[in-house]
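Here's the letter readout for the chains.
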Amino acid sequence: MTRTLILMFHPDPARSRANAALAAAARALPEVEVIDMQARHPAGVVDAAAEVALLRGAGRLVLQFPLHWYATPAPMKAWMDAVLTRMFYIHPEEGRALDGVPLLVAVTAGNARDAYAPDGANLFPMEDMLAPLRTTAHRCGMAWSAPFVVYRANRLDSAGLDAAGTAYAARLRAFAGAVPELAL
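The structure contained in this document is the topic of the report that follows. (Residues numbered from 1 in each chain as written. Predicted model: local features only at pLDDT ≥ 70, side-chain atom pairs only at ≥ 80, totals over all residues. Heavy atoms only, no water.)

## Notes on the overall build of the chain
Helix and strand counts for the chain come out as eight helices and six strands. Listing each helix as α and each strand as β along the chain from the N terminus yields β-α-β-α-α-β-α-α-β-α-α-β-β-α. Relative to its length of 184 residues, the chain is compact, with a C-alpha radius of gyration of 16 Å against a globular reference of 16 Å. With the C-alpha coordinates of the chain rotated into their principal frame, the extents come out at 45 × 35 × 35 Å. By residue count, 48% of the 184 residues in the chain fall in the buried class. Considering only contacts within the chain whose residues lie at least 6 apart along the sequence, 80% involve residues at least 24 apart. Carbon together with sulfur atoms contributes 57% to the accessible area of the chain, which is approximately 9000 Å² in total. (Helix = DSSP H or I, 4+ residues; strand = E, 2+ residues; numbered from the N terminus. Rg over C-alpha atoms; globule rule 2.2 N^0.38 Å. Buried < 20%, exposed > 50% of the residue type's maximum accessible area, 1.4 Å probe, protein only. Contact = heavy atoms within 4.5 Å. Areas by Shrake-Rupley, 256 points an atom, 1.4 Å probe, with all protein chains shown as cover.)

Now the structure itself:
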């Protein structure tokens with residue numbers, strides 16, 4: 001079985017019950033490695049060479065994060081700037097390592113699903129909010145998978161967190177066995 005690498009980007013993971021529940025469910029699966037990127041880079045300095053080496057060992061990649069003001073959190077953006085810039089502009093031969101690697105985005109959002117609609121509080125569906133990541137996947141030659149989204153993440157009770165973790169584990173098992181579409 002090919003290893004699934006989950007990079008969890010939460011600027012304050014100790015406060016996120018939802019991201020903790022997802023990470024715990026993922027860690028219980030075989031061939032899954034979850035890395036708390038805030039703990040890996042506590043000062044915010046990204047060692048791009050080490051990150052490239054980490055990515056090269058992954059058969060599948062999951063980017064797990066909370067949606068912050070309609071975008072990725074700052075640590076994730078800093079990681080993307082350092083690592084992907086190195087892989088695709090400074091050392092393009094490194095970028096080829098991501099060709100065809102399946103990518104899953106796992107996002108937690110504070111609002112309800114219906115808030116992400118043209119007539120909702122956020123005006124746009126979640127798929128539109130995540131379009132920059134889909135574009136990034138395409139640019140990197142990665143195979144995009146439909147995102148896994150937990151809505152009202154900061155309002156879930158224990159049963160809701162357990163259900164989210166169970167659904168995430170099921171999605172990760174399916175992701176490990178599926179061949180996602182190449183990003184178009």
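## With respect to the pairing of strand β1 (residues 4-8)
Among the five residues of β1, five are classified as buried, and the element is accordingly described as predominantly covered. Judged by which residues are buried, β1 turns out to be covered on both faces: T4, I6 and M8 on one side and L5 and L7 on the other are all buried. Two elements, β1 and strand β2 (residues 32-36), share five bridges in a ladder whose sense is parallel. Its bridge partner lying in β2, M8 is registered against D36. Handedness of the β1-helix α1 (residues 17-27)-β2 crossover: right-handed. As defined by bridge partners, β1 adjoins strand β3 (residues 60-66) across five bridges and the pair is classed as parallel. The residue bridging L7 from the neighbouring strand is L63, located in β3. (Pairing = 2+ DSSP bridges. Right-handed = clockwise from strand over helix to strand, strands pointing away.)

## Quick look at helix α3 (residues 48-56)
Turning to α3, its buried residues are A48, E51, V52, L54 and L55. The arc that holds every buried residue of α3, seen down its axis, measures 160°, which confines them to one face. In α3, those exposed residues whose orientation departs by more than 90 degrees from the buried face are A53 and R56. On its buried face, α3 is in contact with β1, β2, α2 (37-40), β3, α4 (74-90) and α5 (92-95). (Arc of directions from axis to C-beta.)

## Observations regarding the nonpolar core
L7, L55, L61, F65, W79 and M126 are the most contacted members of the largest nonpolar core, which has 38 residues in total. Of all elements in the fold, only β1, α3, β3, α4, β4 (102-108), α6 (126-129) and α7 (131-140) reach the threshold of two or more residues within this core. The greatest single-element share of this core, amounting to seven residues, is contributed by α4. Apart from the residues within four sequence positions on either side, M126 is in contact with L67, V107, A109, Y116, V149 and Y151. Counting residues in hydrophobic clusters, the runner-up holds 24 residues, among them A18, V150, L161 and L172. (Core = buried A, V, L, I, M, F, W, Y, C linked by side-chain atoms within 4.5 Å.)

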